[in-house]
Amino acid sequence: MSAWDRVLAARDPKRPTAKYYIDQAFDGFFELHGDRLFADDPAIVGGLAWLNGVAVTVIGQEKGVTPREKTLRRFGSPNPEGYRKALRLMEQAEKFNRPVINLVDTQGAYCGVGAEERGQGRAIADNLMRMMALRVPTITVILGEGGSGGALALAVSDRVAILENAVYSILSPEGFASILWKDASRAQEAAETMKLTAGELKALGVVDAVIMEPGGDAKNNPQAAAEAVKAYIAKELETLGKLSVEELVQARRAKFRAMGR
Amino acid sequence: MPLFQRKNQTTLVVVRGAPSVEERQNVSVGEIADSPSIPSGMWEKCANCGSIVYNEDLLRTNKVCPGCGYHFRLSALKRLELTADEGTLNIFNAELRGGDPLGFPGYAEKVEKMRAATGLDEAIVTAEAQIGGYDCVLAAMDSNFMMASMGYAVGEKFVQAAEKALSKRVPLVVFTASGGARMQEGMVSLMQMAKASGAVSELNAAGVPYIVVLTDPTTGGVTASFAMLGDITLAEPGALVGFAGRRVIEQTTKTSLPPGFQSAEFLLEKGFIDAIVPRNELREALIRLLAFHKGVRP
Ligand SMILES: [Zn+2]
């Protein structure tokens, strides 16, 4: 598959979204709402759940399935209150010593007047800063689109895995082509250049693991994809659980400190 | 009417009509890539009031329009010189450079061109210095260098500046300016946001003060990382500060943007910065703030 094919697969409306994985890979999800400051952002779903009998906090960017739901959730592009809800839940997880599992699927943070008025930049920055120092194990799985800072705000984790056909990029190929070549129609060429596919990101050291999609595409066998995600999270939680808090945070810092070297 | 002339005007009125970054350059924030705006003639035209300002006057006012108070962009070296005590500036990592992780056609050449045009190796300059006798680590970004976009070198130099502040236990003072991510470095660029924010969290844990001065323009990934994480955040009047570009927001929301949107004055009103300080009062403000921190917590 070309990089562009993967961009299309990652955006495919039939691709399973975060809520599907939460329901399939976890048990007893209890959704928790609101950032306690302004609002509840439906672009981010978060709460408590069990994973193989372990209590975890799970947070996902949810694009929505029906047209109505997609609009309500702004296609998974969070407002500042979404990131602040996520941070509230991550700090709650830290307080009660629960691992944090983040599921990323967004074109990017929402670009709106309200988002700027309420400090989108600050909200993302706070998440980056706090996640780096969080005293519990953190795992992020990129399910579909990993759009720039809006994705990174849930992805400063001990383990960052990406599904085989998911992409993670500095901005959309269309935006990249438009900015650097003044020609959005060269998006396919941009996708091939940007190193946004799972394999390329693994080679760059930006992600720690690639989770294969059974049947070649998660939409062909969503159940098996959810099982694969669950198996990855369970295995890594076990590994991370053996580290002391200090070792955990130190290793996370060292990993990101070395990015791009 | 000169917009910046009187101090008792309300802040939003001051900004109304100030052009956005895009309007000034007629391109979107991410695109403001590359043309160095180093004056070649005898004068520059004020982007706010339109008056012709002679370079010798700009030199005298540190690039503040004598007519309206509009703050022209300032080079990093000039900024450090204005801020530090005379003879105390000790620049480090001047030659630290990034790579070309995407092998992006023309990128290496473009960076070389910028180096020749600006005399800088990258878009941020970091130094040890004293300000009013207080030891600190000082950094300034330079929008003449590829719009001060953040790639590996900018991220790495910021982090090494923070690490130096941490090990010496002296405050970190950073003047931000940025068009956002260095697109040509792809995901390596994005990862600098995490790295830089992580460095700030270490300053926080150690109680080392971190003071940010937002200058025009500060946008994108720099806004969404170290620019918004200061213990104290100042801004120059009229500076454009935001996450998303104006054009992107207009396209997404299909609305036109309110006057003064994403200006320093807008951020002050919304609660995201502590104070707006005119350029020629900034050094004094920093000295007062540093005094409160007595260098650093023992
Ligand atoms: Zn003027």
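As the structure is a prediction and not an experimental result, all values here were calculated from the model. (Residues numbered from 1 in each chain as written. Chains lettered and ligands numbered in written order. Predicted model: local features only at pLDDT ≥ 70, side-chain atom pairs only at ≥ 80, totals over all residues. Heavy atoms only, no water.)

Let us look at the overall build of chain A. For chain A, the helix and strand inventory stands at 12 helices and eight strands. What you see for chain A is a C-alpha radius of gyration of 17 Å, in line with the 18 Å of a compact globule of 261 residues. Reported as C-alpha extents along the three principal axes, the dimensions of chain A are approximately 50 × 40 × 40 Å. By residue count, 62% of the 261 residues in chain A fall in the buried class. Taking the intrachain contacts of chain A between residues at least 6 apart in sequence as the baseline, contacts between residues at least 24 apart amount to 71%. Entry remark: accessible area of chain A is about 9,700 Å², with carbon and sulfur atoms responsible for 54%. (Helix = DSSP H or I, 4+ residues; strand = E, 2+ residues; numbered from the N terminus. Rg over C-alpha atoms; globule rule 2.2 N^0.38 Å. Buried < 20%, exposed > 50% of the residue type's maximum accessible area, 1.4 Å probe, protein only. Contact = heavy atoms within 4.5 Å. Areas by Shrake-Rupley, 256 points an atom, 1.4 Å probe, with all protein chains shown as cover.)

Let's shift gears to the sheet that holds strand 8 (residues 232-235) of chain B. All names here are of chain B. Taken in spatial order, the seven strands line up as 3-4-5-6-7-8-9 in an open sheet, and their pairing is mixed. Lying at the two open borders of the sheet, with one neighbouring strand each, are strand 3 (90-92) and strand 9 (275-276). In the packing of helix 6 (residues 152-168) onto the sheet, contacts are made with strand 3, strand 4 (124-131), strand 5 (134-141), strand 6 (172-178) and strand 7 (210-218), and the angle to strand 4 comes to roughly 25 degrees. (Pairing = 2+ DSSP bridges. Axes fitted to C-alpha atoms, helices over the stretch in contact; angles between N-to-C directions.)

Moving on to the pattern of salt bridges. Residue and element names in this part refer to chain A. Counted by the stated rule, this structure contains 40 salt bridges over all chains. When the shortest N-O distance is used, the salt bridge between lysine 85 and aspartate 40 registers 2.7 Å. In this pair, lysine 85 sits in helix 4 (residues 80-95) while aspartate 40 sits in the loop between strand 1 (27-31) and strand 2 (44-51), placing the two residues 45 residues apart along the sequence. Of the residues examined, lysine 85 reaches a relative accessible area of 0% and is grouped as buried. On the accessibility criterion, aspartate 40 (32% relative accessible area) is partly exposed. When salt bridges that share partners are traced, they join Arg11, Lys63, Asp105, Glu145 and Glu174 into one network. (Salt bridge = Lys/Arg side-chain N within 4 Å of Asp/Glu carboxyl O.)

Turning to the coordination of the zinc ion, a few remarks are in order. Octahedral metals with six donors have ideal donor angles of 90 or 180 degrees. Tetrahedral metals with four donors have an ideal donor angle of 109.5 degrees. Residue and element names in this part refer to chain B. Around the zinc ion, the protein contributes the donor atoms Cys46 (SG), Cys49 (SG), Cys65 (SG) and Cys68 (SG), at 2.3 Å from the metal centre. What the four donor atoms of the zinc ion show is an angle range of 106 to 112 degrees at the metal, which sorts the shape as tetrahedral. Counting along the primary sequence, the residues that act as donors to the zinc ion give the motif C-x2-C-x15-C-x2-C. With a gap of 19 residues between them, cysteine 46 in the loop between strand 1 (43-45) and strand 2 (52-54) and cysteine 65 in the loop between helix 3 (55-61) and helix 4 (76-83) connect regions that are remote in the sequence. (Donors = N, O, S within 2.8 Å, 3.2 Å for Na, K, Ca; no water. Tetrahedral: all angles 85-135°; square planar, octahedral: opposite > 155°, others 65-115°.)

Attention now moves to the layout of surface pockets. Quantified by volume, the largest pocket comes out at close to 1,300 Å³. Along its surface, the largest pocket is lined by 47 residues, and Gln107(A), Cys111(A), Leu171(A), Ser172(A) and Val248(B) are the ones closest to its centre. Every element with two or more residues in the lining of the largest pocket is listed here: helix 1 (3-11), strand 5 (138-147), helix 7 (148-152), strand 7 (167-169) and helix 8 (173-181) of chain A together with helix 7 (186-206), helix 8 (220-223) and helix 9 (246-253) of chain B. The greatest single-element share of the lining of the largest pocket, amounting to five residues, is contributed by helix 8 of chain A. Partitioned by chemical class, the residues of the lining of the largest pocket number 19 nonpolar, 22 polar and six charged. (1 Å grid on protein atoms, 1.4 Å probe; cavity = no way out; pocket = protein on both sides within 12 Å on 5 of 7 lines; lining within 4 Å. Points joined across faces, edges and corners; volume = space filled by probe spheres on them. Nonpolar A, V, L, I, M, F, W, Y, C, P; charged D, E, K, R; others polar.)

Taken as a whole, this structure holds two cavities of 30 Å³ or more when the rule is applied. Roughly 110 Å³ of internal volume is contained in the largest cavity. Looking at the lining of the largest cavity, the elements that each hand over two or more residues are helix 5 (113-117) and helix 6 (120-133) of chain A together with helix 10 (264-270) of chain B. By volume, the second largest cavity is sized at about 80 Å³. What lines the second largest cavity is a set of 15 residues, among which Leu74(B), Arg79(B), Met141(B), Ala177(B) and Thr215(B) lie closest to the centre. Elements with a minimum of two residues in the lining of the second largest cavity: strand 5, strand 6 and strand 7 of chain B. If one sorts the elements of the lining of the second largest cavity by residue count, strand 6 of chain B sits on top with three residues.

Another aspect to go through is the interface of chain B and chain A. Residue-level contacts link 49 residues of chain B with 46 residues of chain A. Here chain B and chain A share an interface that buries about 3,900 Å² over both sides, 73% of which is from carbon and sulfur atoms. Of all residues in chain B, Met183(B), Met187(B) and Phe243(B) bury the most surface against chain A, accounting for 17% of the area lost on that side. One can count four salt bridges joining chain B with chain A. When the shortest N-O distance is used, the salt bridge between Arg257(A) and Glu156(B) registers 2.8 Å. For the interface between chain B and chain A, the tally reads 10 residue pairs in polar contact (both at pLDDT 80 or more). (Buried area = accessible area lost by both parts, 1.4 Å probe. Polar contact = N/O pair within 3.5 Å; in protein donor to acceptor, adjacent residues only side chain to side chain.)

This brings us to the nonpolar core. Of all hydrophobic cores here, the largest spans 167 residues; its most connected members are Tyr168(A), Ile233(A), Phe158(B), Leu172(B), Tyr210(B) and Phe226(B). The biggest single contributor to this core is helix 7 of chain B, with 10 residues. For Phe226(B), the residues in contact, after removing those within four places along its chain, are Met141(B), Met150(B), Phe158(B), Val174(B), Thr176(B), Ala196(B), Ser197(B), Val200(B), Tyr210(B) and Val212(B). Core analysis: the second largest hydrophobic core is formed by seven residues, Cys46(B), Leu58(B), Cys65(B) and Tyr70(B) among them. (Core = buried A, V, L, I, M, F, W, Y, C linked by side-chain atoms within 4.5 Å.)

Looking now at the confidence of the model for chain B. Interpretation of the predicted coordinates at a detailed level should be avoided for regions scoring low in pLDDT. All names here are of chain B. Looking at chain B, pLDDT values average 88 and 85% of them are 70 or higher. In the model, residues 1-36 has pLDDT below 50 throughout and makes 74 contacts with residues more than four positions away in sequence or in other chains. Across the whole predicted complex the pTM is 0.92, and at the interface the ipTM reaches 0.98. (pLDDT = per-residue confidence, 0-100.)

The geometry of two aromatic rings is summed up by the distance between their centres and the angle between their planes. All names here are of chain A. Following the criterion strictly, the structure yields eight aromatic pairs over all chains and no others. Relative to tyrosine 21, the ring of tyrosine 20 lies with its centre 6.1 Å away and its plane at 90 degrees, an arrangement referred to as edge-to-face. In this structure tyrosine 20 comes out as partly exposed when scored by relative accessible area, which is 25%. Relative accessible area serves as the criterion here: at 1%, tyrosine 21 is assigned to the buried category. (Phe/Tyr/Trp six-rings, centres within 6.5 Å; stacked < 30°, edge-to-face > 60°.)

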